[in-house]
Amino acid sequence: MKFIKENKVLSIAILIFLILMIFAGVGLYKIIIPDSGESLYGNRLDGIESVPISEETISEIKSEIIATEKVETVEYDLKGKLANFMITVKADTDKVSAEALTDKILSNLTDEQKDFYDIQIFLATTEESEIYPIIGYKHTTSLNFTWSNN
């Protein structure tokens, strides 16, 4: 107590510093560790329940793509509002034919789904190729796919 009485200015400065450090620690904690009760995507997925992509639609898309006989496998993965299609094409499939597979996807989706979801297509082959891999992307606001420069 004697030290505090003799060094009032120093004691007050240390007290203010400790209070500021506590506030800084709490603020840093809130920045680094966000509220675990909130969704990972925040409010970006609002309305997704009203525009679902059914498993039947995905099965139909997969069967139409495989029916072209230019494709070995088709995989689908939905992450938030991003629909990913991983398509493994046969080695002798040319680039134009592979990119035309997007018509099968777009023709099976409704206009609402096309306007709500971003669609990304990964075209690859199991063998070495100068053409593949190619990535196609369709934003919700665009009508057609944009392709990588392969």
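The residue count restarts for each chain, going from 1 along the sequence in the order it is written. Totals for whole chains, interfaces and linings use all residues, but because this is a predicted model, local features are given only for residues with pLDDT of at least 70 and pairs of side-chain atoms are given and counted only at 80 or more. To get the side-chain values, all heavy atoms of the structure are used, and hydrogens and water are removed first.

Give a description of the pairing of strand 4 (residues 134-138) that names residues and reports values.
Burial of strand 4 is one-sided: the residues Ile134, Gly136 and Lys138 facing one way are buried, the residues Ile135 and Tyr137 facing the other way are not. The sheet contact formed by strand 3 (residues 118-125) and strand 4 spans five bridges and is antiparallel. Bridging across to strand 4, Ile119 finds its partner in Lys138. Two elements, strand 4 and strand 5 (residues 146-147), share two bridges in a ladder whose sense is antiparallel. Along strand 5, the bridge assignment pairs Tyr137 with Thr146. Remark: exposure states derive from per-residue accessible area (1.4 Å probe, protein chains only) relative to the maximum for the residue type, with buried under 20%, exposed over 50%, and partly exposed in between. Segments assigned H or I by DSSP are reported as helices when at least four residues long, segments assigned E as strands when at least two residues long, and all are numbered from the N terminus. Pairing between strands is defined by DSSP: at least two bridges between them are needed.

For helix 3 (residues 55-67), give the residues involved together with the corresponding values.
When the terminal C-alpha atoms of helix 3 are compared, their 18 Å separation across 13 residues agrees well with the 18 Å that a helix rising 1.5 Å per residue should span. Among the residues of helix 3, those classed as buried are Thr57, Ile58, Ile61 and Ile65. The buried residues of helix 3 occupy an angular sector of 100° when the element is viewed end-on, so they sit on one face. More than 90 degrees from the buried face of helix 3, the exposed residues found are Glu55, Glu56 and Ala67. Only heavy atoms matter for contacts: two residues are in contact if any of them lie within 4.5 Å across the pair. On its buried side, helix 3 packs onto strand 1 (71-79), strand 2 (82-89) and helix 5 (102-108). Once helix 3 ends, the next one or two residues include Glu69, with phi positive near 60°. Here a helix's expected span is defined as the number of its residues, less one, multiplied by 1.5 Å. The arc under discussion is defined with respect to the helix axis, by the directions toward the C-beta atoms.

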